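Residue-level structure breakdown
In case you want the letters, here they are:
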Amino acid sequence: MTVRIVPLRASADTAANWVSINPIPKLGEACVEIDTGFFKWGNGTDDYATLLHAKGAVAWGGITGLLSAQTDLQAALNAKEPAVAAGTTAQYRRGDKTWQPLNAAAVGLGNLSNTVTGTGPVVLATNPALATQIVLNSTGSADFYFTANSSAFAGRMRLATDGSLVFRSETAGGVFFDAYNGVATFRNFATGGTTILRVSAADVRPGADNSANLGTASFRWKEVFAGNATINTSDERLKNWLGELTPAMLRAGLRIASEIGLYCWLDGSRIHVGVRAQQVARILMDEGVEDLQPLDFAADASIPEGDRPSFRMSFLTFDSWEAEREPVMREKCVKRATATAAAVTDTVQRVATPSYRPKKDEVIDADGLVWRERPAGNVFGVRTGELNLFLFACQAAEQRRMAEQLEALTAQLQALSAA
């Protein structure tokens, strides 16, 4: 590398003259501004305006160029705002440079119209701190929709102009809920909104007559408390009357009555009175009332539809089900409580920790998720009311038979006495 040695020259003038004349300083020439103390090194090519000031300790005036642009830097600094004292989170900085309370009046909510026009969504912040209630008023035909996703209404709440409130899940298996005029209705989205359950101040009823069960064979209600007994339809106009019991039925009924006894459930200690459904079935098959069919199934077996017992006498029942599983849920805090807002929680499926101990009927899958599992099974049962009527009819027939025999014997004794 070759180092070029040039003679050192120095020229001096005011900053204004340097800019006005704008010469091309020679290589190595120092161009000194006698009024600012700055200088530039010439390179023999660029004019003065293009050259940069030499680096080093720079006075404040050099920040923006000439001192003439900042004639009094100290005065300029003195004119700046003083340090702003800290306010609180409940205050705002007003135009008169004072801290004021942040409230509805301060932001002018009283001057806003309560009418929303157009079709766009109205977006409300989560946990609005300035409002204790939100009032929606519409004189038109449009409903109000509340949804977590403005691009889709798959899950939403709707306040209709007729006053009804609808919670909706618009999916293939979705169920939605609406409430209007004192009536709450659960509907099936998949079938066009047909009613599943209707609740009013006077009654709770299914969506269609004689169409839904209360519980299932594998998910039974434990107790039913009622002020009156159940009412079963018994209108003759709805029945194809078959007449009296057959002799085989009468024989079976007497045998079933002799099977009535005492028992306790395997998980209980209270004493009950009743029959064993399988024994009732065996008696009916033995007397020819029912066809012969298998009864001895493992309790945890799910019996295919075609292999299940099918009984003509409706007081005898058999049900079977596949294994069923549902998630075990828990509440999870997604946002901690603050001084102005309550905590926000969400419901999620429980994940087992190393110390978690599953409860009864709970299982943990390979991913650590906790499920409540109902194993497959089957169960025999009886409709007690119908069975009791069957037994009453058998006992009544037996009493008539015995009365007829007694009457015949009495007649025979009277004839013998007369002879």
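The shown structure was predicted, so the numbers you read here are calculated from the model rather than taken from an experiment.

The rules behind the values
- In every chain, residue numbers begin from 1 and rise along the written sequence.
- It should be noted that, the model being predicted, local features are given only for residues of pLDDT at least 70 and side-chain atom pairs only at 80 or more, the latter also being counted only at that level, while totals for whole chains, interfaces and linings use all residues.
- Excluded from the side-chain calculations are hydrogens and water; all other atoms, namely the structure's heavy atoms, are used.
- A run of DSSP states H or I qualifies as a helix once it reaches four residues; a run of E qualifies as a strand once it reaches two. Both are numbered from the N-terminal end.
- Here the term buried applies to any residue with accessible area under 20% of the maximum for its type, exposed to any over 50%, and partly exposed to those in between, with areas from a 1.4 Å probe on protein chains only.
- Residues belong to a common nonpolar core when they are buried Ala, Val, Leu, Ile, Met, Phe, Trp, Tyr or Cys residues joined through side-chain atoms within 4.5 Å.
- It only takes one pair of heavy atoms within 4.5 Å for two residues to be counted as in contact.
- The predictor attaches a confidence to each residue, called pLDDT, with possible values from 0 through 100.
- Only C-alpha atoms enter the line fits that serve as axes; for helices the fit covers just the stretch in contact. Angles between N-to-C directions range over 0 to 180 degrees.
- Oblique is the label for any angle not under 35 degrees, not over 145, and not in the 65 to 115 range, which are roughly parallel, roughly antiparallel and roughly perpendicular in turn.
- Nonpolar residues are Ala, Val, Leu, Ile, Met, Phe, Trp, Tyr, Cys and Pro. Charged residues are Asp, Glu, Lys and Arg, and all others, Gly as well, are polar.
- Strands are labelled as partners when DSSP assigns at least two bridges between them.
- Patches were defined on residues exceeding 30% relative accessible area and lacking a salt bridge, with like-charge contacts within 9 Å and nonpolar side-chain contacts (Val, Leu, Ile, Met, Phe, Trp, Tyr) within 5 Å.
- The Shrake-Rupley method, run with a 1.4 Å probe, gives the accessible areas here. Residue values count only the displayed protein chains as cover.
- Salt bridges are counted wherever a side-chain nitrogen of Lys or Arg sits within 4 Å of a carboxyl oxygen of Asp or Glu.

**Some remarks on the overall build of the protein**
- Regarding its fold elements, the protein presents five helices and 21 strands.
- Of all 419 residues assigned to the protein, the portion counted as buried reaches 18%.

**Let's talk about the nonpolar core**
- Counting 23 residues, the largest nonpolar core has I256, L284, F315, L316 and F390 as the members making the most contacts within it.
- Of all the elements in the fold, those that place two or more residues in this core are helix 3 (247-258), helix 4 (277-286), strand 15 (316-321) and helix 5 (384-418).
- It is helix 4 that provides the largest number of residues to this core, a total of six residues.
- For F315, the residues in contact, after removing those within four places along its chain, are V280, L284, G381, V382, R383, E386, L387 and F390.

**Some points on the confidence of the model for the protein**
- This prediction gives the protein a mean pLDDT of 80; 74% of its residues lie at or above 70.
- Across residues 57-62, confidence stays below pLDDT 50; counting only partners more than four residues off in sequence or on other chains, it has eight contacts.
- Confidence drops under a pLDDT of 50 for residues 125-135, and excluding neighbours within four residues, the segment shows four contacts in the predicted structure.

**Topic: the side chain of E287**
- By the secondary structure assignment, E287 is in the loop between helix 4 and strand 15.
- Given the relative accessible area of 17%, E287 is considered buried.
- If near-sequence neighbours (up to four positions away) are discounted, E287 is found in contact with A248, R251, A252 and R255.

**Observations regarding the packing of helix 3 against helix 5**
- Two elements in contact, helix 3 and helix 5, have axes whose closest approach is 9 Å; the angle formed by their N-to-C orientations is 110°. Here helix 3 is positioned roughly perpendicular relative to helix 5, judged by the angle of their axes. Side by side, helix 3 and helix 5 meet where M249, L250, G253, L254, I256 and A257 of the first sit next to L387, F390, L391, A393, C394, Q395, A397 and E398 of the second.
- Classifying every residue of the contact of helix 3 with helix 5 gives eleven nonpolar, two polar and one charged.

**Some points on unusual backbone geometry**
- The phi torsion at N210 lies on the positive side, around 55°, for a residue other than glycine.
- In this fold, N210 is placed in the loop between strand 12 (204-206) and helix 3.
- With a relative accessible area of 75%, N210 lands in the exposed category.
- You will see that D361, though not glycine, has its phi angle at about 70°, which is positive.
- With respect to the element layout, D361 can be found in the loop between strand 18 (344-349) and strand 19 (362-364).

**Thoughts on the sheet that holds strand 3 (residues 39-41)**
- The sheet built from three strands is open, its strands ordered 1-2-3 with mixed pairing. Each edge of the open sheet is held by one strand with a lone partner, namely strand 1 (9-13) and strand 3. When strand polarity is set aside, the average angle formed by the axes of neighbouring strands in this sheet is 20°.
- Pairing of strand 2 (residues 29-33) with strand 3 involves three bridges; the strand directions are antiparallel. Across the sheet, residue V32 finds its bridge partner in strand 3, namely F39.

**Observations regarding the sheet that holds strand 20 (residues 370-374)**
- The three strands are arranged 16-20-19 in an open sheet whose pairing can be described as antiparallel. Looking at the sheet topology across the chains shown, the edges are occupied by strand 16 (324-327) and strand 19. Here the strands of the sheet are splayed against their neighbours by 40° on average, with no regard to which way each runs.
- Summarising the sheet, strand 19 and strand 20 pair through three bridges and their orientation is antiparallel. Within the sheet, the bridge partner assigned to I364 lies in strand 20 and is V370.

**Focus on a nonpolar patch on the surface**
- Together, F186, I196, L197 and V204 line one region of the surface with nonpolar side chains, adding up to about 320 Å² of accessible area.
- Position of V204 among the secondary structure elements: in strand 12.

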